[in-house]
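# Structural description and commentary
Below are the chains, spelled out letter by letter.
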Amino acid sequence: MDMITVAVNGEDRSLPAGLTLSGFLEELGLDPRKVAVERNLEIAPRSAYGEISVDDGDRLEIVQFVGGG
């Protein structure tokens, strides 16, 4: 299986090639409805997570929403 390297929140990670943002979040065990993803300095629209590919060298920032009160 081909692997790619991406920076996730500033840390390099190896991932299987061919993932979409949805697949990437699934790999991390995150619920796509509860996170925001910035890919290469642009906010990725949640509705397009299944269509946006994660490519070698991408810089991803993930923010997880936490409820509280």
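The model shown is predicted, which means the values in this text are computed figures rather than measured ones.

## Focus on the overall build of the protein chain
Helix and strand counts for the protein chain stand at 1 helix and 5 strands. Listing each helix as α and each strand as β along the protein chain from the N terminus yields β-β-α-β-β-β. Against the globule reference of 11 Å for 69 residues, the protein chain gives a C-alpha radius of gyration of 12 Å, in line with a compact fold. Overall, the C-alpha framework of the protein chain stretches about 45 × 25 × 20 Å when taken along its three principal axes. Counting all 69 residues of the protein chain, 30% fall into the buried class. Accessible surface, the protein chain: about 4,600 Å² in total, of which carbon and sulfur atoms supply 46%. Across the protein chain, the 6 positively charged side chains and the 13 negatively charged ones have centroids separated by 8 Å.

## Here's the deal with the sheet that holds strand β5 (residues 59-64)
Across a sheet, strands are paired by hydrogen bonds formed along the backbone, either parallel or antiparallel in direction. If you trace the 5 strands from one edge of the open sheet to the other, you get β2-β1-β5-β3-β4, paired in mixed fashion. Across the chains shown, the open sheet's two edge strands, defined by having one partner strand only, are β2 (11-16) and β4 (42-43). Contacts between helix α1 (residues 21-28) and the sheet are confined to β1 (3-8), β2, β3 (35-39) and β5, with β5 contributing the most and set at about 60° to the helix.

## Let's talk about unusual backbone geometry
Phi is positive for Asn9, close to 50°, though the residue is something other than glycine. Following the sequence through the fold, Asn9 ends up in the loop between β1 and β2. At Leu41, a residue that is not glycine, the phi angle is positive and equals roughly 70°. Mapped onto the fold, Leu41 is located in the loop between β3 and β4. Residue classification places Leu41 among the exposed positions, given a relative accessible area of 76%.

Cut-offs and rules
Residues numbered from 1 in each chain as written. Predicted model: local features only at pLDDT ≥ 70, side-chain atom pairs only at ≥ 80, totals over all residues. Heavy atoms only, no water. Helix = DSSP H or I, 4+ residues; strand = E, 2+ residues; numbered from the N terminus. Rg over C-alpha atoms; globule rule 2.2 N^0.38 Å. Buried < 20%, exposed > 50% of the residue type's maximum accessible area, 1.4 Å probe, protein only. Areas by Shrake-Rupley, 256 points an atom, 1.4 Å probe, with all protein chains shown as cover. Lys, Arg positive; Asp, Glu negative; His and termini not counted. Charge placed at Lys NZ, Arg CZ, Asp CG, Glu CD. Pairing = 2+ DSSP bridges. Contact = heavy atoms within 4.5 Å. Axes fitted to C-alpha atoms, helices over the stretch in contact; angles between N-to-C directions.

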